[in-house]
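The chain contents come next:
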Amino acid sequence: MSAVPSLRHLLLLRPHLRFIALSTPSSPFLSYAPSHHFPPSSLRILSSSSSPTLTQEEADEAVGKGSSLIDVNPPRGTRDFPPDDMRLRNWLFQNFREVSRILSFEEVDFPVLESEALFIRKAGEEITQQLYNFEDKGGRRVVLRPEITPSLARLVIKQGKSVSLPLKWFTIGQCWRYERMTRGRRREHYQWNMDIFGVSKVRGEAELIQAVVLLFERLGINSSDVGIRVSSRKVLQAVLQMYAIPENLFTQVCVIVDKLGKITREEIEKELLSLGVSIEAVNGIIEVLSLKSLSKLEEVLGSEGEAVSELKKLFSLAESYGYADWICFDASVVRGLAYYTGIVFEAFDREGKLRAICGGGRYDRLLSTFGSEDISACGFGFGDAVIVELLKDKGLLPGLAHKVDDIVFPLDEELDGTASRIASSLRKKGRSVDLVEDKRLKWVFKHAERIGASRLILVGNSEWERGAVRVKNLSTREEFEVKIDELD
């Protein structure tokens, strides 16, 4: 229930409340406040004999003497979705859902509010410093989810053996991170996740990458616009083993080297040295992670290890799927989250203007961090913000005007009821209908153009006496009379 008092309630409170109308050229506001908060000179009681708005000077004076207007902007880093933006969001989400359907994934969802413990996994992860976390009124530590995969893992554990593997699930959900904002990076965003549980082979990653490619192709983006960098966490594991670096440093090393290309080599070296990694190992790590050729990686690590063999299998499958020109090997891709265990990938714009468009990989040992038995799994997250920026840059944003099938307009006031019955009948048949009254016909025609209406149905006395209405086809400009029982 709304916390805003009703007009009747406010009237019952007189004379304790007075009304003021504060306006700006673009946003008029009607406010109320206890009269003792404002001197009489700063208020204008609304009545039939007084102006409904204050002048700008009077509004400024009222604000200066204690009144305040609510900040109409959403919290920093968040967004409103007025109709134009909502149409774009729905269009993008429909494409997410259609690609998921094509690959035979089922949709699931989870609460935005989760237990904090679900996201506090490994010390050193950047994400743990970006949580919107707090204690609720029951003393429980909760968080606005910063990502979706742990929620998915929780649901898989909860479902247990009641579901058969493999699971192919997707979701589109809102995520929150308190982080520095850049183009395409906000503190809240929506994310499309596709995840597979119960497939241990590289086939799982190959399927996920095809989903990403299909989405790009549906949006009009091609491989000259976007590429997908591919590597494996096992590459870094092999390098650490080469230099006898303790396994307990692996996560922290991943977090640091994930910054390659974002900060200088000197800063990377300094952070690795601070962990106790030798300068020889630091140089070796950076040298290997600078490789952009799978054959060069094979020269360093050999062909027998899992890292190389799995990557070669993925590139072979990419040829079969037909998206080999989209993917490239880049050993520097490690992804910053601790739970990745194998192949990792991220999509990028080839002009290098934007941050990663999406990212994902294999996480075979995630469930055990929550006390459950591990299941082979892989997945990706694809945010809504960066892709929209890319579509803007490429001139690929669709025109998504508001569309209405019919406008019903009674030409005479006594036909309002008749117009209502006609509008109701058409709506029951599935047509979108805007019922307009108390307007001039000229305004109705302009309104029809604004909302992209297909037909204008005029309800007039002479036609109604004949049991008909006048219908104007707004695309062809044809106009004709139609019997009421034949209108559909």
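Residues numbered from 1 in each chain as written. Predicted model: local features only at pLDDT ≥ 70, side-chain atom pairs only at ≥ 80, totals over all residues. Heavy atoms only, no water.

Labelled according to an unreviewed UniProt entry, the protein chain appears under the name histidine--tRNA ligase, originating from Rhynchospora tenuis. A UniProt comment under Sequence similarities (unreviewed entry) is attached to the protein chain, and it reads "Belongs to the class-II aminoacyl-tRNA synthetase family." On record in UniProt, under Catalytic activity (unreviewed entry), the comment for the protein chain is "tRNA(His) + L-histidine + ATP = L-histidyl-tRNA(His) + AMP + diphosphate + H(+)". (UniProt positions renumbered as here; feature names shortened; annotations may be inferred.)

1. Remarks on empty space enclosed by the protein
Taken as a whole, this structure holds one cavity of 30 Å³ or more when the rule is applied. Lining the largest cavity, in full, are D225, D349, R350, E351, K353, L390, D393 and K394. Of the residues that constitute the lining of the largest cavity, the class distribution is one nonpolar, no polar and seven charged. (1 Å grid on protein atoms, 1.4 Å probe; cavity = no way out; pocket = protein on both sides within 12 Å on 5 of 7 lines; lining within 4 Å. Points joined across faces, edges and corners; volume = space filled by probe spheres on them. Nonpolar A, V, L, I, M, F, W, Y, C, P; charged D, E, K, R; others polar.)

2. Examining the pairing of strand β14 (residues 406–410)
Of all five residues in β14, five are buried, a share of seventy percent or more. Burial along β14 is two-sided: the residues D406, V408 and P410 and I407 and F409 are all buried. As paired elements, β14 and strand β15 (residues 433–435) share three bridges and run parallel to each other. Bridging from a neighbouring strand, D406 pairs with V433 of β15. (Buried < 20%, exposed > 50% of the residue type's maximum accessible area, 1.4 Å probe, protein only. Helix = DSSP H or I, 4+ residues; strand = E, 2+ residues; numbered from the N terminus. Pairing = 2+ DSSP bridges.)

3. Observations concerning the pairing of strand β13 (residues 377–383)
Each regular strand displays side chains that alternate between the two surfaces of the sheet. Counting buried residues along β13, seven of its seven residues qualify, which places the element largely inside the surrounding structure. Alternating positions in β13 separate into two faces, A377, G379, G381 and G383 on one and C378, F380 and F382 on the other, with burial throughout. In terms of strand pairing, strand β8 (residues 188–197) meets β13 through seven bridges, oriented antiparallel. Within β13, the position partnered with N193 by the bridge is G381. Bridge count between strand β12 (residues 358–362) and β13: five bridges; the pairing is antiparallel. Note on β13: the bridge partner recorded for G359 is G381.

4. Re the UniProt feature "binding site: L-histidine" (unreviewed entry) in the protein chain
Residues given the UniProt feature "binding site: L-histidine" (unreviewed entry) here are E147, I148, T149, R177, Q191, D195, R335, Y339 and Y340. Relative to the elements of secondary structure, T149 occurs in helix α4 (residues 149–159). Note on T149: relative accessible area 6%, which makes it buried. Once residues within four sequence positions are removed from consideration, T149 is found in contact with N193, D195, Y339, Y363 and L366. Mapping Y339 onto the fold places it in the loop between β10 (327–329) and β11 (343–349). Of note is the side chain of Y339, whose polar atom sits 2.6 Å from the side chain of E147. (Contact = heavy atoms within 4.5 Å. Polar contact = N/O pair within 3.5 Å; in protein donor to acceptor, adjacent residues only side chain to side chain.)

5. As for a positive patch on the surface
On the surface, a cluster of positive charge is made up of K439, K442, K446 and R450. Note on placement: K439 falls in the loop between β15 and α14 (441–450). (Patch = residues over 30% accessible without salt bridge, like charges linked within 9 Å, V, L, I, M, F, W, Y side chains within 5 Å. Areas by Shrake-Rupley, 256 points an atom, 1.4 Å probe, with all protein chains shown as cover. Salt bridge = Lys/Arg side-chain N within 4 Å of Asp/Glu carboxyl O. Lys, Arg positive; Asp, Glu negative; His and termini not counted. Charge placed at Lys NZ, Arg CZ, Asp CG, Glu CD.)

6. What to know about helix α13 (residues 416–428)
For α13, which comprises 13 residues, the first-to-last C-alpha distance of 18 Å matches the rise-based estimate of 18 Å (1.5 Å per residue) to within 8%. Looking at α13, one finds that the buried residues are T418, A419, I422, A423 and L426. Summarising the axial view, the buried residues of α13 lie within an arc of 135°, below the 170-degree limit, and thus occupy one face. Across from the buried face of α13, at angles greater than 90 degrees, the exposed residues are R421 and K428. Where α13 is buried, its residues contact β14, β15, β16 (455–459), α15 (461–465) and β17 (468–473). (Expected span 1.5 Å × (residues − 1). Arc of directions from axis to C-beta.)

7. A short note on the pattern of salt bridges
The full count for this structure, using the stated rule, is 29 salt bridges. Note that D330 is salt-bridged to K292, the shortest N-O span being 3.5 Å. Residue D330 is found in the loop between β10 and β11, and its partner K292 is found in the loop between α9 (279–289) and α10 (294–301); the two are separated by 38 residues along the sequence. Looking at K292, the relative accessible area reads 51%, which means it is exposed. Because the salt bridges share partners, they merge into one network encompassing E463, R466, R470, K472, E479 and E481.

8. Concerning the sheet that holds β11
One open sheet holds the eight strands; their spatial order is β3-β7-β8-β13-β12-β11-β9-β10, and the pairing between them is mixed. Looking at strand neighbours, the two that pair on one side only are β3 (106–107) and β10, the edges of this open sheet. Note: strand β7 (residues 167–176) against β8, 10 bridges, orientation antiparallel. The residue bridging W176 from the neighbouring strand is E188, located in β8. Lying on the sheet, helix α5 (residues 203–218) is in contact with β7, β8, β9 (226–232), β10, β11, β12 and β13; it crosses β13 at an angle near 20°. Contacting β9, β10 and β11, helix α11 (residues 306–321) runs over the sheet at an angle of about 150° to β9. (Axes fitted to C-alpha atoms, helices over the stretch in contact; angles between N-to-C directions.)

9. Some details on the sheet that holds strand β4 (residues 113–115)
Ordered in space as β4-β6-β5, the three strands form an open sheet in which the pairing is antiparallel. The sheet is open, and its two edges are formed by β4 and β5 (132–135), each paired on a single side. Ignoring which end each strand starts from, the neighbouring axes of this sheet average 35° apart. For β5 and strand β6 (residues 141–144), the ladder comprises four bridges, and the chain directions are antiparallel. Looking at the pairing, F134 lines up with V142 of β6.

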